[in-house]
Amino acid sequence: MLGSVIPSSRFLVRRTLEPIDWSRADVIVEYGPGLGTCTAEILRRMRPNARLVVFETHPDFVRHLTETYRDPRLEVIHDSAEEVESVLKDRGLGGADYVLSGIPFSLMPGEVRDRILERTRSVLNTGGAMLVYQFSPRIGTHLKRVFDDVDWSFEPLNVLPATVFCCQVAG
Ligand SMILES: C[S@@+](CC[C@H](N)C(=O)[O-])C[C@H]1O[C@@H](n2cnc3c(N)ncnc32)[C@H](O)[C@@H]1O
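Residues numbered from 1 in each chain as written. Predicted model: local features only at pLDDT ≥ 70, side-chain atom pairs only at ≥ 80, totals over all residues. Heavy atoms only, no water.

S.K.: Give me the lowdown on the overall build of the protein, citing residues and values where you can.
M.R.: When helices and strands are counted, the protein shows six helices and seven strands. Shown N-terminal to C-terminal, the secondary structure of the protein runs as helices and strands in the order α-β-α-β-α-β-α-β-α-β-α-β-β. Projecting the C-alpha coordinates of the protein onto the three principal axes gives extents of approximately 35 × 35 × 30 Å. Of all 171 residues assigned to the protein, the portion counted as buried reaches 50%. For the protein, the proportion of contacts with a sequence separation of at least 24, taken over those separated by at least 6, is 69%. Accessible surface computed for the protein: about 8,300 Å², of which carbon and sulfur atoms make up 51%. Between the mean site of the 20 positive side-chain charges and the mean site of the 23 negative ones, the protein shows a separation of 3 Å. (Helix = DSSP H or I, 4+ residues; strand = E, 2+ residues; numbered from the N terminus. Buried < 20%, exposed > 50% of the residue type's maximum accessible area, 1.4 Å probe, protein only. Contact = heavy atoms within 4.5 Å. Areas by Shrake-Rupley, 256 points an atom, 1.4 Å probe, with all protein chains shown as cover. Lys, Arg positive; Asp, Glu negative; His and termini not counted. Charge placed at Lys NZ, Arg CZ, Asp CG, Glu CD.)

S.K.: Could you give me a rundown of the pairing of strand 3 (residues 74-77), with the residues and numbers involved?
M.R.: Judged from the four bridges that link them, strand 2 (residues 51-55) and strand 3 form a sheet pairing that is parallel. Residue pairing in the sheet places Val53 in a bridge with Glu75 of strand 3. Between the parallel pair strand 2 and strand 3, the chain is carried across by helix 3 (residues 59-68), and the sense of this crossover is right-handed. (Pairing = 2+ DSSP bridges. Right-handed = clockwise from strand over helix to strand, strands pointing away.)

S.K.: Would you mind going over the side chain of Asp97 in detail, with residue names and values included?
M.R.: Within the element layout of this structure, Asp97 appears in strand 4 (residues 96-101). On the accessibility criterion, Asp97 (7% relative accessible area) is buried. In this view, Asp97 contacts Arg24, Ala25, Asp26, Val27, Leu124, Asn125, Gly128 and Ala129; residues no more than four positions away in its chain are not counted.

S.K.: Would you mind going over helix 6 (residues 139-146) in detail, with residue names and values included?
M.R.: All of the buried residues in helix 6 are Ile139, Gly140, Leu143 and Val146. The arc that holds every buried residue of helix 6, seen down its axis, measures 130 degrees, which confines them to one face. In this structure, helix 6 carries Thr141 and Lys144 as exposed residues pointing more than 90 degrees from its buried face. Residues of helix 6 that are buried in the fold lie against helix 5 (110-123), strand 5 (124-134), strand 6 (149-155) and strand 7 (162-168). (Arc of directions from axis to C-beta.)

S.K.: Run through the sheet that holds strand 1 (residues 27-31), naming residues and quoting values.
M.R.: Across the sheet, which stays open at both edges, the seven strands sit in the order 3-2-1-4-5-7-6 with mixed pairing between neighbours. The open sheet has two edge strands, strand 3 and strand 6, and neither has a second partner. Adjacent strand axes in the sheet meet at a mean angle of 15 degrees, parallel and antiparallel pairs treated alike. As paired elements, strand 5 and strand 7 share six bridges and run antiparallel to each other. Within strand 7, the residue paired with Ala129 across the bridge is Gln168. Relative to the sheet, helix 6 contacts strand 5, strand 6 and strand 7, its axis offset from that of strand 7 by approximately 5 degrees. (Axes fitted to C-alpha atoms, helices over the stretch in contact; angles between N-to-C directions.)

Function cannot be inferred from these measures alone, as they are strictly geometric.
This is how it looks when you write it as structure tokens:
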């Protein structure tokens, strides 16, 4: 379920984060941060009072993230992205403005993929977006089924070239 063992390049991180309006990003969620390449850049750019909740299933990455990024705005959840609704609700966070995802959708069962996409849509605030980077573009079909508007671009400057999707929920 790793997808790739090589961290995302700075080019891919920059392209994935490009649609974010940091002035309205109060709650940001990340799925599958791994070693935290995107996490570090989000923490660098996000406002001082914003919150970042990351979901990671691999215990070694959870330990690394917890020990490396000691930032009060960050919470590392050792659980699957499938739990996004209950985790945000338990913390009194009404919804997310942006959900960033690096989890390998093409390697997981279809029902898990669909559950994650549906639950992500349900937690996104109006005007919010899910930002997805994938080494296989096949997820595009499923994203279009769930989201109102799906835009995509290609980042060749990564060890595995990646497609980046920006999926919006209409206002
Ligand atoms: C391709 S790596 C992404 C690495 C990192 N985001 C980067 O930019 O280099 C995919 C990560 O997703 C995690 N993962 C896989 N399935 C998951 C799930 N259902 N929920 C949360 N994390 C998951 C894996 O443990 C792995 O760390």
